[in-house]
Amino acid sequence: VQLQASGGGLVQPGGSLRLSCAASGSIDSINTMGWYRQAPGKQRELVAAITSGGSTNYADSVKGRFTISRDNAKNTVYLQMNSLKPEDTAVYYCHARRTVLGTRYDYWGQGTLVTVSS
């Protein structure tokens, strides 16, 4: 599975960005896709995730501001980020998980930098 992320950049506080992540390769059995982020000096953390059935999970810090969605036909997951804050500055990583015969496989995209600054 290959994950190609795009959409990062520089935005002012209060602004919006949309991240996209397209999956290719052995995409069958991908059940969960999502986004993690890692700020300088901090551990990577879950931002949002969505299952193939559409169930979502968000970090408390982004609830009400970020929305994750998924286009199964395009094998693409999106993260709409609104009301961005400086503390949202981080490298955002796309993530996908496949489950095959009870074994989980995790895949990561290359990371895209989001900088929130005036």
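Owing to the predicted nature of the structure, the values given are computational and were not obtained by experimental measurement.

To continue, consider the sheet that holds strand β7 (residues 66-71). Spatial ordering of the open sheet is given by β1-β3-β8-β7, a layout of four strands whose pairing is antiparallel. Because the sheet does not close on itself, it has two edges, and the strands there are β1 (2-6) and β7. When strand polarity is set aside, the average angle formed by the axes of neighbouring strands in this sheet is 15°. Relative to strand β3 (residues 17-24), β1 is paired through five bridges, and the arrangement is antiparallel. Looking across to β3, one finds that Leu-3 is bridged to Ala-23.

Going through the model one piece at a time under the given rule, you end up with one aromatic pair. Ring plane angle 70° and centroid distance 5.0 Å describe the contact between Tyr-36 and Trp-108, whose orientation is recorded as edge-to-face. In this pair, Tyr-36 is assigned in strand β4 (residues 30-38) and Trp-108 in strand β10 (residues 103-108), connecting sequence segments 72 residues apart. The ring centre of Trp-108 lies 4.7 Å from the NZ or CZ of Arg-44, which sits over that ring. Positioned over the ring face of Tyr-105 is Arg-98, at 6.0 Å from the centre of the ring.

Definitions and limits used
Residues numbered from 1 in each chain as written. Predicted model: local features only at pLDDT ≥ 70, side-chain atom pairs only at ≥ 80, totals over all residues. Heavy atoms only, no water. Pairing = 2+ DSSP bridges. Helix = DSSP H or I, 4+ residues; strand = E, 2+ residues; numbered from the N terminus. Axes fitted to C-alpha atoms, helices over the stretch in contact; angles between N-to-C directions. Phe/Tyr/Trp six-rings, centres within 6.5 Å; stacked < 30°, edge-to-face > 60°. Lys NZ or Arg CZ within 6 Å of the ring centre and 35° of its normal.

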